[in-house]
Amino acid sequence: MKAQVIVMPKRSVLDPQGAAVREAIHHHGLPSVKAARVGKFIELELDGTETEAQIHEVCRDLLSNPVMEDYELKVQK
Amino acid sequence: MTEPAITPALIAKHGLTPEEYERVKTILGREPNFTELGIFSVMWSEHCSYKNTRLQLKKFPTTGPSVLVKAGEENAGVIDIGDGWAVAFKMESHNHPSAVEPFQGAATGVGGIIRDIFTMGARPVFSLNSLRFGPITETLPIGGDESPSDQSEIANRQSAIRKNRRLFAGVVGGISHYGNCIGVPTIGGEIYFDESYNGNPLVNVFCLGVLRHEEIARGAAHGIGNPVFYVGAETGRDGLAGAAFASRDLTEESREDRPAVQVGDPFREKLLLEACLELLATDAVAGIQDMGAAGLTCSTCETASRGGTGVEIDLAKVPKREQGMTPYEIMLSESQERMLIIVKKGQEKVVQDIFEKWDLPYAEVGTVRDDGMMRVLMDRKLVAEIPAAKLADEAPVYAREARARPTAEQLDLASLGEDSPQASHAALLQLLAHPSIASKNWVWRQYDHMVRAGTCVPPGSDAAVFLIREAGKFVAATSDCNALYCSLEPRNGARIAIAEAARNLACSGAVPLAVTDNLNFGNPHHPENFWQITECVDGLAEGCLAFNTPVTGGNVSLYNQSPAGAIDPTPTVGMVGLIEDEKHITRSHFQHSGDAIILLGELGQNLGASQFVAVMTGRKVGPVPQLDFAKERALHDALRSLIKSGLVRSAHDCSEGGLAVALAESCISNPEHRFGATISFGALGNNTRLDELLFNEAQSRIVISTTANNASAVLALLEWRGIPARRLGTVGGDALQISVAGHDLTWPLATLHDAWYESIARAMQS
Amino acid sequence: MKAAVIRFPGSNCDQDCHLALRETGFEASYIWHKETSVAGHDLIVLPGGFSYGDYLRAGAIARFSPVMQAVKEAAAAGALVLGICNGFQILCEAGLLPGALIRNRDLHFLCEHRHVRVEDIANPFLNATWTGTLLRLPIAHGEGSYVADAETLRQLNVGGRILLRYADGLGAANEAANPNGAAENIAGICNAARNVFGLMPHPERACDARLGSTDGRVIFDSIRTVLRTRRAA
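Residues numbered from 1 in each chain as written. Chains lettered and ligands numbered in written order. Predicted model: local features only at pLDDT ≥ 70, side-chain atom pairs only at ≥ 80, totals over all residues. Heavy atoms only, no water.

Student: Report on the overall build of chain A, specifying residues and quantitative values.
Tutor: Along chain A, the regular secondary structure elements total two helices and three strands. Here chain A has a C-alpha radius of gyration of 16 Å; the compact-globule value for 77 residues is 11 Å, and the former is much larger. Along the first, second and third principal axes, the C-alpha atoms of chain A reach 50 × 25 × 15 Å. A sequence separation of at least 24 residues applies to 68% of the contacts in chain A between residues at least 6 apart. Counting only carbon and sulfur atoms, one obtains 52% of the accessible surface of chain A, whose full area is about 4,900 Å². For chain A, the separation between the mean place of its 10 positive charges and that of its 12 negative charges on side chains is 8 Å. (Helix = DSSP H or I, 4+ residues; strand = E, 2+ residues; numbered from the N terminus. Rg over C-alpha atoms; globule rule 2.2 N^0.38 Å. Contact = heavy atoms within 4.5 Å. Areas by Shrake-Rupley, 256 points an atom, 1.4 Å probe, with all protein chains shown as cover. Lys, Arg positive; Asp, Glu negative; His and termini not counted. Charge placed at Lys NZ, Arg CZ, Asp CG, Glu CD.)

Encoded structure:
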C-alpha cells in the first residue's frame, strides 16, 4: 500500500522558486508559460494498519506547514 | 466591490480605541472609509508609532560628535568612523512572525534590517542576531523526585521542548537561508534559552553597513512635481497588517490569524540591493524609503511627512502578484523586497535602465505634491486622503501606568545543596553544557560568516571583528542582554547589559562608538510590564551616558506574551566600536603555554541571579550583582592601555557562569588549539563556599593572559591605575586544574570541550 | 594577466574574487551574465553565491545564461576556467566538469575552515605547491557533496583529475574529515584537458593573513605562473 502526498505553497503565498523556474523557462525559449509553482512530492509505503486520519495528521503536522502550504493525499490500495 | 461599514466592532478589530477613533475623525474632519481606517490602524500600531514607548525613548542620549544621522530621523542612525567614512546600523525584531512561521519569520527579519541599511545608501557588510527561545533541554535539576502525579507535567514540558527545538532550528535555518544567499556575513550575536520564552521566541537582527559621508541617502519626498517610483517585488496579500499583528498578544489563535505569511526572497533582495546602490551612486534620487512594516502606507506618509510635502499615488500602477486586490489590501500588504523612490524629474530614464538591467519590476506610481496630503487613487478614483504629517507624527502618545514589582526573592545560600569539590566539579560541566552558555557552533557554522572577506574575529569570541576594506577600518560589534538580571532588577539588568557590551568590545581591543537597542517586553497595559520598560530604559540611558555611546536607533517589540505570561524583560543592546590598529585585535582564548593568567577585578561573592543557581535549582532569585560605572570604565581603559602596549595575549570577560566558566572558555574556545591552565586561589577569600567563589557573577571582571615575563609589569601597571588584579595561574597542560583551600579540581580539556562544544548539536539530534 | 569574474544575478563572492585576483597580481574585471563574449581574458572565474537564487538546483539556471556559451567556447580554446563553490556547481550543470553537487550529508549549510590535501600538481592551478600539501581553506555551502557514477570516479582517479580532497589536520582523507559526504572526499576536480577547475572551498577568502589563512594564494600564484610562461612561449 502506498500513499502519495503532494505539498504545494498556498496560492496566496509568494513562491520565489516557482517564479525563478518560470523565468528560466522564458529564457529557455518558451515565453508562453504563464506560471510555475514548485512543491514537494512524498511517497509513503504503508503496511495497511494506518488509518486515513492518522496519515492526514502526519500530512498536516509534519509533511506540510499549514501556515503556508496545502497538501493533497492519495492513498493507493 | 462594497467595503465593510465602519462599526465599533470593526474599529476594535483594527486595534483602535474609541478615543483614537475620535482623533482620526478630528484629523480627517469626517468619518474615515475602510481603507483609511486600515491605514490609521497600522500607522498607529505600537510597531510603527511607538505610542506606548515614545515618551520613554526620549530618555536616551542620541547626540555626540560622531553622530551623523540621529535616532528617529531616518531608517537607521549613521556614525562617523573617520577619514570621511561612516557606518549605518540598527537592530530590529521579528518576534511575532517567527513565532508563527520560524523559518520565514526570521528570514524576512534579516531581509528587513538589510533593507533598512541600504536605504541609507550604505552597503551592508555584516549582521549579528540576538535570539531567545524556550528550553531545548530538560531543565529541572538532576535527581529531583518526580511523583506519578507529575507525569502530565513532564509530558507538557517535553512537548514544549520539542516545539522549542523546532522554532530554534527554523529560525536558524531562516537566518542562514536569507543571510547566506544575499551574501551578508552573520558574524556574531547571542542566544539564550529560558522558560519565559516558551511560545514567544525573540528574533532580533542587527545589520551594519558602510558608506561615505556624502553618500547618506534620505527618506524624504523632496521636490514638488518629482515622480514617485515603486521598485522591487510585486505586491501580494502577504502578511496583511503585520504591524498591527506584532502589536498584540500571541494567542492560540495567532496561527490562524493571518491571511498569508510573508515569504522572503533573498535573491530578489540581492538584486534590489545592487540596483539601489547603483542608482544611489547616480544623481537621480531625491529620496528613498524601504517598504517594511505597513508597506506602502508607511513609506508614502513618512516620506511626505519628512519632506514637508504631500504624495499622490495611483494603486492601479503598482505591480501586483495577485488579481483583484483592493486598495485596502494593497496599502496594507507587507510583501517583501520593495522600495519607494522619489526620482528627480527628468531622470526617470536612469531608474528604468538600472532596474531593467537587474530584471526588477518598477513603476512610476505617483507624484510629490505641495499640499501635505497623502492621496491614494485607484484608477484615478480617490480612495484615501489623509494629512501625511498628522498620520505619521501625531499618533497618540500614552504614559501607561507603571507599578513596581515586589522585590525579587533573595538567595539563601543555605538552600543550595552540599558545597563540595565534587559538586563544583560536576557543576562546571553542567554549566558549560547548558545551551545558554555552551558553544553556539551548531548555529554559526550554518551561517556564512566569512563572505565579503573581512571577518577577522569570527563568532565565538567576546566581540566579532570585521575589516571594512574600503575604509581600512576594523569594526567590532557585540550584542548583549542578561534577561535574568532584568527580570529580577530591571534597571540594574539594563545597566549591566550596556556595561557587558562595552566590556566585550574592550576585550577585543575596541573603543565603543554607539548603541542600537531592541526593547522586548510584554503587554504594556499591565502596569508591572510597563514598570519594567521604564526601569530598563532608565538603566540603558544611564549606561549610554556612562560609556559615551549615544543610541542611534532601534526597535520596540511589546506584547511578547504567551498564555503563560510575559517574557522576561529583554532590552537587547547592540554596540559597535572601532579598533585603532590591527595589532590591537584581541581574542578571548589563551594563545601560548607558559603565559600568565591574570584576573582584572575582584574575586567577588554572592550567587544571586547567577546561572549557577538558575541551572542547578531552576530558580530565579536575587540579588543581581552590583555595577559601578566608574569602576567599569576604569577597568576598560586599563585593559585597552595594556592592549595598546602589546601586553595582552587574550582577554575574556566574566559573565554567565562566573570565573570558572570564563577560565574554561579561555582554555577551550580556540578552534585551532586548546590550552590547559593551572589555577591557584589559595583560600576562599570573602566567600563562604567553594561554588560561590567559582560561579558568582560579580561585574567588572576580565581574565587576561600575558607572557610570563610581562606578568609583574602588568600587575604593577594595574596597581598604578587602581585596578584590583591578581595572578591566578599559568596557561599550559591538557587540563584545567583549580586548587583552592586545599582541594584540587581537575577537568581534562577533552571533557570540558565535549560538554561545551557538542551540547547543542546533541540536543538537536535527540 | 587579465582575469574576468562572471557576475550572475545572485553571485555574492564576485567582489571577494575580484579583490583576491587584484591582490595576487591580476588585472581583474567583471563580466555581466548577459554578455556574449569573454574574449581577451586569460582566466575566467565563476564566483560563489546563489546564481539566480539557486531555486531549481544550484547552478541549474545559470548554465543557460548567455555568457555561459562564451565560457564554453573559451574553455574549448584553452582559456583557464576556475569555478568556486556555486561556480563549481555551474560548471557541473553546464557539462564542463563531470558529476554533480548535492545537498550536504547532514542537510545543513556548513561554513568553517577545513583542510584539503593537494592530490595532483600537474595542472595550471596547483603547480606552485606539492602533492600532499595541506591547505587550510574556508568552505561555505549547503550543496557541496560531490557525486558521480563509478565509471566517472574511475576516470577522474586514473586521469589524476581529482585535485583536492578533504583531509584531517594530519593529511588523512578519512570519513571524519569529510564535511559534506562527498564521494572519495573530493573537494575539487578538473576536466580532461586540465584547464577547467572546480572546487567547493573558497581560496579567495584565504588570501589575507588578517582573515586567518593565506593558503588560497597558491592557487592564484600557480595560475599566474602558468599564464606568464604561456605568454613567454
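Student: Go over the packing of aromatic side chains, please, and point to the residues and values.
Tutor: Residue and element names in this part refer to chain B. Across all of its chains, the model carries 17 aromatic pairs over all chains by this definition. Ring plane angle 45 degrees and centroid distance 5.4 Å describe the contact between F126 and F466, whose orientation is recorded as tilted. Note that F126 is positioned in strand β4 (residues 123–133) and F466 in strand β15 (residues 464–468), a separation of 340 residues in sequence. One aromatic cluster is present, built from ring pairs that chain together F89, F126, F206 and F466. In this structure, R400 packs its charged tip against the face of Y398, placed 4.2 Å from the ring centre. (Phe/Tyr/Trp six-rings, centres within 6.5 Å; stacked < 30°, edge-to-face > 60°. Lys NZ or Arg CZ within 6 Å of the ring centre and 35° of its normal.)

Student: Go over the interface of chain C and chain B, please, and point to the residues and values.
Tutor: Counting residues at the interface gives 29 residues for chain C, matched by 35 residues for chain B. Roughly 2,600 Å² is buried in total at the junction of chain C and chain B, and carbon and sulfur atoms are behind 57% of that figure. The three residues of chain C that bury the most area against chain B are C111, R210 and L211 of chain C, which together make up 22% of that side's buried surface. At the junction of chain C with chain B, the criterion picks out five salt bridges. The residue D448 of chain B makes a salt bridge to R205 of chain C at a minimum N-O spacing of 2.9 Å. Viewed at the interface, chain B and chain C are joined by 12 residue pairs in polar contact (both at pLDDT 80 or more). When contributions to the side of chain C that touches chain B are tallied by element, the ones reaching two or more residues are α1 (14–23), β6 (110–118) and β7 (134–141) of chain C. Tallied by class, residues from the side of chain C that touches chain B come to 13 nonpolar, seven polar and nine charged. (Buried area = accessible area lost by both parts, 1.4 Å probe. Salt bridge = Lys/Arg side-chain N within 4 Å of Asp/Glu carboxyl O. Polar contact = N/O pair within 3.5 Å; in protein donor to acceptor, adjacent residues only side chain to side chain. Nonpolar A, V, L, I, M, F, W, Y, C, P; charged D, E, K, R; others polar.)

Student: Summarise helix α1 (residues 16–27) of chain A; cite the residues concerned and give the values.
Tutor: All names here are of chain A. Look at α1: 16 Å from first C-alpha to last across 12 residues, which is about the 16 Å you get at 1.5 Å a residue. Residues P16, G18, A20, V21 and A24 constitute the buried set of α1. With its phi angle positive at about 110 degrees, G29 sits one or two positions after the end of α1. (Expected span 1.5 Å × (residues − 1). Buried < 20%, exposed > 50% of the residue type's maximum accessible area, 1.4 Å probe, protein only.)

Student: Lay out the interface of chain A and chain C with the relevant residues and their values.
Tutor: Between chain A and chain C, the residue contacts involve six residues of the former and five residues of the latter. Of the roughly 500 Å² buried at the junction of chain A and chain C (both faces included), carbon and sulfur atoms supply 80%. Considering only the surface of chain A that becomes buried against chain C, Q17, A20 and H28 of chain A emerge as the three largest contributors, covering 55% of it. Applying the counting rule to chain A against chain C returns zero salt bridges. At the junction of chain A with chain C, the criterion picks out one residue pair in polar contact (both at pLDDT 80 or more). By residue class, the composition of the side of chain A that touches chain C is four nonpolar, two polar and no charged.

Student: Go over the sheet that holds strand β11 (residues 362–369) of chain B, please, and point to the residues and values.
Tutor: All names here are of chain B. Overall, mixed pairing links the seven strands, which are arranged β8-β10-β7-β11-β9-β12-β13 in an open sheet. Taken across any chain shown, the strands that pair with only one partner, and hence form the sheet edges, are β8 (285–290) and β13 (381–387). For this sheet the average axis-to-axis angle between neighbouring strands, irrespective of direction, equals 20 degrees. Across the sheet, helix α13 (residues 348–357) is in contact with β7 (227–232), β10 (338–343) and β11; its angle to β7 comes to roughly 5 degrees. (Pairing = 2+ DSSP bridges. Axes fitted to C-alpha atoms, helices over the stretch in contact; angles between N-to-C directions.)

Student: Mind laying out the pattern of salt bridges, listing which residues take part and the relevant values?
Tutor: What the rule picks out here adds up to 71 salt bridges over all chains. Beyond isolated ion pairs, a larger network of salt bridges with shared partners links K59, R491, R495, E535, D538 and E542 of chain B.

Student: Explain the packing of helix α2 (residues 18–28) of chain B against helix α3 (residues 34–43) of chain B residue by residue, including any values.
Tutor: All names here are of chain B. Put simply, α2 and α3 touch, their axes get as near as 11 Å, and they point 115 degrees apart. At the point where α2 passes α3, the crossing takes the right-handed sense. Listed contacts from α3 to Y21, V24, I27 and L28 of α2 are E36, L37 and F40. Split by residue class, the contact of α2 with α3 holds six nonpolar, no polar and one charged. (Left-handed = near helix turned anticlockwise from the far one by under 90°.)

Student: Account for the pairing of strand β11 (residues 196–199) of chain C, naming residues and giving values.
Tutor: All names here are of chain C. Here β11 shows no split at all, with V196 and G198 on one side and F197 and L199 on the other all buried. Relative to β11, strand β4 (residues 80–84) runs parallel, the two being bridged by four bridges. Across the sheet, the residue bridging to L82 is F197, located in β11. Relative to β11, strand β10 (residues 186–190) runs antiparallel, the two sharing three bridges. Looking across to β11, one finds that G188 is bridged to L199. In textbook terms, the turn of a hairpin is the stretch between consecutive antiparallel strands, and for β10 and β11 this stretch comprises five residues, one of which, R194, has a positive phi near 65 degrees.

Student: Account for unusual backbone geometry, with residues named and values stated.
Tutor: Residue and element names in this part refer to chain B. G622 connects to P623 through a cis peptide bond whose omega is -5 degrees. Secondary-structure assignment places P623 in the loop between α20 (611–617) and α21 (629–644). Phi at E337 is positive, roughly 60 degrees, even though this residue is not glycine. Following the sequence through the fold, E337 ends up in the loop between α12 (327–332) and β10. Look at E337 and you get buried, because its relative accessible area is 1%.

Student: With reference to specific residues and values, describe the sheet that holds strand β9 (residues 162–167) of chain C.
Tutor: Residues and elements named next belong to chain C. The mixed open sheet is built from nine strands, whose spatial order is β2-β1-β3-β4-β11-β10-β9-β6-β7. If you trace the sheet from one side to the other, it starts and ends with β2 (27–32) and β7, each paired once. Neighbour to neighbour, the strand axes of the sheet diverge by 25 degrees on average, direction disregarded. Of the pairings in the sheet, the one linking β6 to β7 comprises eight bridges and is antiparallel in character.

Student: Talk me through the environment of M43 of chain B; I want residue IDs and the actual numbers.
Tutor: All names here are of chain B. Within the element layout of this structure, M43 appears in helix α3. For M43, a relative accessible area of 2% translates into the label buried. M43 sits 350 residues away from D393 along the chain, and the two C-alpha atoms are 9.4 Å apart. Residues within four places of M43 in sequence aside, it is in contact with C48, S49, T297, C298, C301, E302, L391 and A392.

Student: Before we move on, can you summarise the pairing of strand β6 (residues 202–212) of chain B with the specific residues and values?
Tutor: All names here are of chain B. Of all 11 residues in β6, 10 are buried; the element is thus mostly enclosed. Two strands pair when backbone bridges link them, and strand β3 (residues 85–93) and β6 are joined in this way by nine bridges, in the antiparallel orientation. Each residue of the ladder has a partner; that of M91, found in β6, is F206. Pairing geometry for β4 and β6, over nine bridges, is antiparallel.

Student: Before we move on, could you go through the side chain of R452 of chain B and cite the residues and values that matter?
Tutor: Tracing the backbone shows R452 of chain B in the loop between α16 (441–444) and β14 (455–457). The buried charged residue R452 of chain B lacks any salt bridge, with E470 of chain B as its nearest oppositely charged partner at 4.2 Å. At a separation of 3.2 Å, a polar atom in the side chain of R452 of chain B contacts the side chain of Q15 of chain C. Not counting residues within four places of it along the chain, the set of residues in contact with R452 of chain B comprises R123, P124, V125, G183, P185, F466 and E470 of chain B together with Q15 and D16 of chain C.

Student: Give me the lowdown on the nonpolar core, citing residues and values where you can.
Tutor: Core analysis: the largest hydrophobic core is formed by 139 residues, its most contacted members being F168 and F355 of chain B together with L43, L46, L82 and Y146 of chain C. With eight residues, the top contributor of residues to this core is helix α10 (residues 266–280) of chain B. Residues contacting F355 of chain B, with those up to four places away along its chain left out, are V231, L272, A275, C276, L279, I341, L360, P361 and Y362 of chain B. (Core = buried A, V, L, I, M, F, W, Y, C linked by side-chain atoms within 4.5 Å.)

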